[in-house]
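As a plain string of letters, each chain reads:
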Amino acid sequence: MEKQTFACPSCGGTLELKYRFSKMAVCGYCNQTSFVENGQLKLAGDKNELANYGSKLSLAAKGTLIGLKFMIIGHVRFEYFGGFWDEWLVGMDGQSDEFWIHEDEGDLILYTKMETETIPDYQQLKIGTPIEFAGKRLFPTEKNKAQILGGEGELPYRVLPGQQADFVDGIFYGEGTVFSFKFLPEETQFYRGQFIKWDEIVIEKADNPYSEQFK
Ligand SMILES: [Zn+2]
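1. Overview of the overall build of the chain
Okay, step 1: Across its full length, the chain carries zero helices and 17 strands.
Okay, step 2: Relative to the globule expectation of 17 Å for 215 residues, the C-alpha radius of gyration of the chain, 17 Å, shows essentially globular dimensions.
Okay, step 3: Buried residues in the chain amount to 29% of all 215 residues.
Okay, step 4: For the chain, the proportion of contacts with a sequence separation of at least 24, taken over those separated by at least 6, is 49%.

Shown next, in the form of structure tokens:
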């Protein structure tokens, strides 16, 4: 992975962005969010800090995922009426696709972002009503309002805590895979995913990249 180095516009700490598509970063020293603009970091929103709830996953964790080397480079927590869930941006060795581990009450889905020219409108998607999309038949099974609770590390889209992040999830007909449309403030994303098990993630090292600073 190529790395880009920036100074946090709030505290001056060094931030190393590992993912070339990153559009924002949360400073590991001061928790300030910044957006990447014209090759620079610009202050955005307030500082935020996510409570650690004891996941096996953490920022900068490395290891193997479904047999491939990986590293966690970003993390977003979403909130909805049913509670919250986490999404971990994963850099995979030799892969250019955007991968996420979706973690919700211990269940894991490995999502890959799919490029599409159009995205259905949130209002038009209905639970139980199949749609034809990108040459596939999709069956929506869940539709919910949600919002961003916070994030850490670097992320390939721009969001701030409190912003809306509604979603429609479901299954690809007859393929054993799942999909998710995510309606973010600046963009809508389409992901294809598969359920994975915890034993398909082997973590070799789960250290905090910023801990050196606080010793
Ligand atoms: Zn900072």
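That shown, we press on.
2. What about the pairing of strand β6 (residues 62-65)?
Okay, step 1: In terms of strand pairing, β6 meets strand β7 (residues 68-80) through four bridges, oriented antiparallel. Bridge pairing in β7 places Gly 63 opposite Phe 70.
Okay, step 2: Where β6 folds back on β7, the antiparallel hairpin that results is connected by two residues, among which Ile 66 adopts a positive phi of roughly 40°.

3. Some remarks on unusual backbone geometry
Okay, step 1: Not every positive phi belongs to a glycine, and Ile 66 is a case in point at roughly 40°.
Okay, step 2: With 13 C-beta atoms packed within 10 Å, Ile 66 lands in the partly exposed category.
Okay, step 3: Positive phi, normally seen in glycine, also occurs at Glu 105, with a value near 50°.
Okay, step 4: Of the residues examined, Glu 105 has 8 C-beta atoms within 10 Å and is grouped as exposed.

4. Quick notes on the environment of Val 202
Okay, step 1: With respect to the helices, strands and loops of the structure, Val 202 is situated in strand β17 (residues 201-205).
Okay, step 2: When the 12 C-beta atoms within 10 Å are taken as the criterion, Val 202 is described as exposed.
Okay, step 3: Linking Val 202 and Gly 74, residues 128 residues apart in sequence, is a C-alpha distance of 18 Å.
Okay, step 4: Every residue in contact with Val 202, bar those within four places of it in the chain, is listed here: Gly 63 and Thr 64.

5. Digging into the nonpolar core
Okay, step 1: Ala 25, Ile 72, Trp 88, Leu 89, Val 90, Trp 100 and Tyr 111 are the most contacted members of the largest nonpolar core, which totals 43 residues.
Okay, step 2: Counting residues per element, this core draws most heavily on β7, at six residues.
Okay, step 3: When residues no more than four places from it in sequence are discounted, the contact partners of Leu 89 are Tyr 19, Ile 72, Ile 73, Gly 74, Trp 100, Gly 153, Leu 155 and Pro 156.

6. Overview of the environment of Ile 148
Okay, step 1: With respect to the element layout, Ile 148 can be found in strand β13 (residues 147-155).
Okay, step 2: Remark: the alpha-carbon pair of Ile 148 and Tyr 80, spanning 68 residues in sequence, is separated by 9.0 Å.
Okay, step 3: Residues in contact with Ile 148, not counting those within four places in the same chain, are Val 76, Phe 78, Val 159, Leu 160, Pro 161, Gly 162, Gln 163 and Ala 165.

7. Quick look at the pairing of strand β5 (residues 40-43)
Okay, step 1: One ladder, built from four bridges, connects strand β4 (residues 33-37) with β5; its direction is antiparallel. Residue pairing for β5: Phe 35 is matched across the bridge by Lys 42.
Okay, step 2: Where β4 folds back onto β5 in an antiparallel hairpin, the turn is made up of two residues, including Asn 38, whose phi is positive at roughly 50°.

The rules we used
Residues numbered from 1 in each chain as written. Predicted model: local features only at pLDDT ≥ 70, side-chain atom pairs only at ≥ 80, totals over all residues. Helix = DSSP H or I, 4+ residues; strand = E, 2+ residues; numbered from the N terminus. Rg over C-alpha atoms; globule rule 2.2 N^0.38 Å. Buried ≥ 20, exposed ≤ 12 C-beta atoms within 10 Å, placed from the backbone. Contact = placed C-beta atoms within 7 Å. Pairing = 2+ DSSP bridges. Core = buried A, V, L, I, M, F, W, Y, C linked by C-beta atoms within 7 Å.

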